[in-house]
Amino acid sequence: MLTAITGINWGDEGKGRMVDLLSQNQDIVVRYQGGNNAGHTVVNEKGKFILNLLPSGILREDVVNVMGAGMVIDLEHLCREIGRLREAGIQIGSKNLKISDKAVICMPYHKQQDCLEEDRLGSAKFGSTRRGISPAYGDKYMKKVLRMGDLLDQAYLEERLDVILPWKNLILQGVYGAEPIKRETLLSWLKEFGDPLKDFICDTSVYLEEAADQDKRIMFEAQLGALRDIDFGIFPYTSSSSTISAYAPIGAGIPGRKLDCSIGVMKAYSTCVGEGPFVCELFGEAAERLREAGGEYGAATGRPRRVGPFDVLASRYGVCMQGADEIALTKLDVLSGFQEIQVCVGYEVDGQPLKNFPTGAALKKAKPVMETLPGWNQDISGCRSWSELPVQTREYIRFLEKQVGCPIRYVSVGPDREAYLLVEDEKR
Ligand code: GDP
């Protein structure tokens, strides 16, 4: 059984907590794209954890975690992340963590180039997290990267580095006027942070193919959301990888397999980190209130997130791009206490309503069309069943479901593992 858990919106939907919850029935959790440019926050009985690179299943003892071929991995960051979890008493060894030999290494010069380029762009910057992700993916498509498996053969690693480094230094010096990077500095970085990871590196395709043949339950965990997908998101303010569920088997390393289920994680309101068009954005006091209520500050960077009401057009598009079979609606408790709840029900460009989510110039020009729904003046964080929810909350859920055209199966009402309810059809 192959299940993907992906984001319907711009990211930060609460995927980590849903994977943490749903991984209780899984044998394997796989991260299939991205790097340490975003963070999943998971709160469970062991504490509060921010995971940037490790799959969220790492917090469950009986789950095997795989970092797939589609990822870019900053060795230093991963070593630190593993170290922090071990300090908190989480066991991590080659039995419960496997890293694809084909995953790309995000090097110190990728980070440096990310910063230099954002600074060069000035006010036209992309709002990068400056963690080197975009240069690492760019170099991958130029075939000038080191991969995790290269760490296992020192002569081959050095041979590859000797092809890549002179080229990279030409760029750093020629384009940005930066100092060249020394071969020895990189080799010692690769040794310091690569050696502790060697035990985890293997051909994860072989492992996952066998597991799929044995009908193991495999869950693919996405980072970011549909609207940040490199092809289908709000280009160019996207991430540099494919965040959609269709890419999950590819990035995981088993491209010939098909998903059995796609679960889309959708937030009860909207948030967006960094630059780019965000049509439903709220400003001023209204934004501040929602941001505070939802604790909307980036897990990876601490940056205040831009906030807005639920966006029907963007979410319907996200559901379609993710091929979602069902939805996990998150952070619904955050809307408690608002007398009225605004929803962005559509977009207009030059006074004309849009039927579909736009791109490029039209997205930049789009204006939101708002509707107001009644709120609920009641704390719902203790609700554990459909019947305990206030009438207005149920109506809000039904409204969203109808608008995006996909059943909402899970509703989370707090950050803790157990703070959720199942929406079973017969109980509606
Ligand atoms: P992810 O990257 O999609 O996993 O999302 P983040 O971890 O960046 O953001 C989700 C944040 O919301 C985290 O701080 C979670 O602890 C928190 N969270 C998740 N679900 C809920 C919920 O139902 N209610 C509340 N109040 N917080 C939640």
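Residues numbered from 1 in each chain as written. Predicted model: local features only at pLDDT ≥ 70, side-chain atom pairs only at ≥ 80, totals over all residues. Heavy atoms only, no water.

**Student:** Looking at this model, I keep getting lost on the pairing of strand E19 (residues 408-412). Mind explaining?
**Tutor:** Here is the key point about a regular strand: its side chains alternate between the two faces of the sheet. Most of E19 sits out of view: four of its five residues are buried. When strand E15 (residues 326-330) meets E19, the two strands line up parallel, connected through three bridges. Directly across from Leu329, in E19, lies its bridge partner Val411. (Buried < 20%, exposed > 50% of the residue type's maximum accessible area, 1.4 Å probe, protein only. Helix = DSSP H or I, 4+ residues; strand = E, 2+ residues; numbered from the N terminus. Pairing = 2+ DSSP bridges.)

**Student:** Is there a simple way to explain the packing of aromatic side chains in this structure?
**Tutor:** What describes a pair of aromatic rings is the distance from one ring centre to the other and the angle between the planes of the rings. Summed over the entire model, instances satisfying the criterion amount to six aromatic pairs. Ring plane angle 55° and centroid distance 5.9 Å describe the contact between Tyr347 and Phe357, whose orientation is recorded as tilted. Highlighted residues: Tyr347 in strand E16 (residues 340-349) and Phe357 in the loop between strand E17 (352-353) and helix H11 (360-365), separated in sequence by 10 residues. Taking the relative accessible area as the measure of exposure, Tyr347 reaches 1% and is therefore buried. Consider the rings of Trp376 and Tyr396, whose centres lie 5.8 Å apart with planes at 55°: the pair is tilted. Here Trp376, found in the loop between strand E18 (367-374) and helix H12 (391-404), pairs with Tyr396, found in helix H12; they are 20 residues apart in sequence, far enough to count as distant. A relative accessible area of 1% places Trp376 in the buried class. (Phe/Tyr/Trp six-rings, centres within 6.5 Å; stacked < 30°, edge-to-face > 60°.)

**Student:** Teacher, can you tell me more about the pattern of salt bridges here?
**Tutor:** Pairing between side chains becomes possible if they bear opposite charge and their charged atoms approach one another. Within the structure shown, the criterion is met by 26 salt bridges. Notably, a salt bridge pairs Glu184 with Arg183, separated by 3.5 Å at the nearest N-O pair. Owing to a relative accessible area of 51%, Glu184 belongs among the exposed residues under this scheme. On the basis of relative accessibility, which here comes to 27%, the residue Arg183 falls in the partly exposed class. Each member of the salt-bridge network shares a partner with another, and the members are Asp12, Lys267, Glu296, Arg305 and Lys331. (Salt bridge = Lys/Arg side-chain N within 4 Å of Asp/Glu carboxyl O.)

**Student:** What is the right way to look at helix H6 (residues 183-194) in this model?
**Tutor:** Residue pairs three or four apart in sequence face the same way in an α-helix, which turns once every 3.6 residues. Between its first and last C-alpha, H6 extends 16 Å over 12 residues, near the 16 Å set by a 1.5 Å rise per residue. In this fold, the buried residues of H6 make contact with helix H2 (75-87), strand E8 (104-105), helix H3 (108-121) and helix H5 (154-176). (Expected span 1.5 Å × (residues − 1). Contact = heavy atoms within 4.5 Å.)

**Student:** Hey, could you run me through the domain arrangement of the chain in this one?
**Tutor:** Frequently, the measure chosen for interface size is the accessible area that the parts lose on association. Partitioning the chain into domains gives domain 1 (2-103 + 201-263), domain 2 (106-197) and domain 3 (268-312 + 332-403). For domain 1 versus domain 3, the separation of C-alpha centres amounts to 26 Å. Taken together, the 13 residues of domain 1 in the interface contact 14 residues of domain 3. Across the domain 1/domain 3 interface, buried area totals approximately 1100 Å², and carbon plus sulfur atoms make up 60% of it. Contact with domain 3 buries surface across domain 1, with Trp10, Asp12 and Ile234 losing the most and accounting together for 49% of the total. The partner of Asp12 in a salt bridge is Arg305, with the nearest N and O atoms 3.2 Å apart. (Domains from an automatic or database assignment. Buried area = accessible area lost by both parts, 1.4 Å probe.)

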